[in-house]
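Here is what each chain is made of, one letter per residue.
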Amino acid sequence: MRAQGAGDGGEPDGLDADRSIWSRDFGLFFAARAVAKLGDTMLPVALAAGLLQHGHGAGAVGLAMAATTVCFAGLVIFGGVFADRFSTRLLMIGADLVRLGTQSLAAVFFFTGHVVLWQICAIGAVNGAAAALFQPGVASTVPRLATDVQKANGAIRVAESTASLAGPAAAGVLVGLASPGAVFAAHAATYGVSALCLLLLRLPPARPGSQPHSDGFRADLVQGWREFRSRTWLWGVIAVFGVLMITTTGPTVPLVATLVVQEHGSGAYGLVNSALGAGTVLGGLLALRLRPRRMLRAGATALVAYAAFPAAVGAQLSVPLMSAGAAIAGAGVSFWGVMWATSVQTQVPPDVLNRIHAYDVAGSLALLPVGQALAGPAAAAFGAETVLLTGGAMTVGVCIALLAIPAISGLVRADAPTLSGAVPAARSRRGRAAAERTGSDTVR
C-alpha cells in the first residue's frame, strides 16, 4: 500500500495538492468532534468510580452503560430518517444541548450524593436517544465541509484517537483531585463546547438534487432500506463484520481485560490500552497520506493487523509484545475505518446518505453485544486464551472474505481519475447509484 500518483492510477499530484481540508467551518466541526470524543472517553471512568463509590457493583456499571448503547442502537435508524428530513446541523445542536442537560443533572446527583441507579440508567437512555439523532448527520456533514473527504476523515480520526488517549487519564485525575461529579460536569461542558462549535458552523448550500424528497416517515425508512440493500459492497461488509463482532471484537475487550489484569496487573492493562490508542493515531495519519484506488481492498488488507491484538494476549506474550500487537491492531483498524467512512460518504447519493449511515451504524452494533455475552461461556468452555487466538484467526478469515467479494475489493474510489487523468464531472453520485441498481457493484 503506498501513496498513489498520477502515473500509477491514483490522483494527479496537482489535484491532491489543491485539496486543502482546513477552513473555518471544517475547523469548527473538527473541534466539535474532538472535544465530544474527549468527554465520551471520560464517561466510563466517571460511571465506574461514581457508582462503586456509592455502593453499587460492576453489574450496575454495565447496566448504566448498556442503557445508552441499547437506546442508541435501537433508535439510530430512525435518527437517519430525521436527519434526511430536517436540518442535520440543528439536530446535532439539539442532541448536544440535551446531553449537556442530562450530564449536568448527573453531576448534581453525584455532587449531592443522591445516586439512584434507575435515574442514572434513565439519563443514559436519554443520552443514547440523543446520540441516535446526532450520529447520522456526521456522515453528510463531512462531504459538505471538505473537498477531500478522505483527508477530512483521517484528520477527524487522528483527533478522536488522541482524545481517546487523553480522556481516561483526565477523568482519573479529576476523580482523584475532586470527585466523580466533577467528571460528569466536565463531560457536560464538552457537549456545550460541541454545541457552540456547531452553532457557529455555517454549512455551504446543498448541491441541486442532493436534498431528499420525503414521502412520509415510513416511506423514507423503507427507501433507506432499499438503497442499503441495493449496494452489495455496503451490506456485504456489514454482513461479514457481523462475524467479526461475534468472534473477535465482542470477546476481545472483556477477555483481554481479564487476562492482562490477572496476569500483569492494572498498570499493564493501561499500557496495552494506551498502545492501542497510539496505534489508532498512527492509522489515521497513514490514511491522511495514502490514497489507494480501491479503498476497501486496501482497508481490508490493513485490517488483517487487528489479529495481532487478541493473538498476542491469547499467546500470553510479554507486556511489551502485547503492547506492540495492540499498536499494530489499532493502526489497522483506524486505517480501515477511514477507508470505510470515506467510501460510504462518497459512493452513496447525498439525499439518502444519512439513512444509509444509520443502517451502517445499526448493523455494525447489532451483533457486538452477542459477542460480548458469549465471551464468558466460551472462555469457560475452551479457555480465554483459546478464544482470543481463535479471534485472531477469524480476523484473518474475515479479511480474506472481504477481499474475495468482487463488489467490495473491486470498488473504485469515487474521485479516481479516468485514463486521461481527469476526474469526470458527469460521474454524479446519483449516476453511481443507478449503475449499482442495474447490476454493477463497482464504479467504472
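Presented here is an overview of the structure given in this document. Nothing here was measured: the structure is a model prediction, and the numbers come from that model.

Considerations on the overall build of the chain
A count of helical and extended segments in the chain gives 18 helices and zero strands. Taken over 444 residues, the chain has a buried fraction of 50%. Taking contacts inside the chain between residues at least 6 apart in sequence as the whole, the part at least 24 apart equals 86%. Summing over all exposed atoms, the chain offers an accessible surface of approximately 18200 Å²; the carbon and sulfur share of this is 68%.

Topic: the environment of A326
Checked against the element boundaries, A326 lands in helix α13 (residues 319–347). A sequence separation of 46 residues divides A326 from T280, and the C-alpha atoms of the two residues are 9.5 Å apart. In this view, A326 contacts V272, A275, L276 and F309; residues no more than four positions away in its chain are not counted.

Considering the side chain of Q150
Relative to the helices and strands, Q150 resides in helix α6 (residues 149–177). The exposure class assigned to Q150 is buried, which follows from its relative accessible area of 1%. A polar side-chain atom of Q150 sits 2.9 Å from a polar atom in the side chain of R413. Those residues in contact with Q150 that sit more than four places away from it in its chain are A287, L290, R291, M295, V338, M339, T342 and R413.

A short note on unusual backbone geometry
Non-glycine residue Q316 carries a positive phi angle of around 55°. With respect to the element layout, Q316 can be found in the loop between α12 (308–314) and α13.

Criteria and cut-off values
Residues numbered from 1 in each chain as written. Predicted model: local features only at pLDDT ≥ 70, side-chain atom pairs only at ≥ 80, totals over all residues. Heavy atoms only, no water. Helix = DSSP H or I, 4+ residues; strand = E, 2+ residues; numbered from the N terminus. Buried < 20%, exposed > 50% of the residue type's maximum accessible area, 1.4 Å probe, protein only. Contact = heavy atoms within 4.5 Å. Areas by Shrake-Rupley, 256 points an atom, 1.4 Å probe, with all protein chains shown as cover. Polar contact = N/O pair within 3.5 Å; in protein donor to acceptor, adjacent residues only side chain to side chain.

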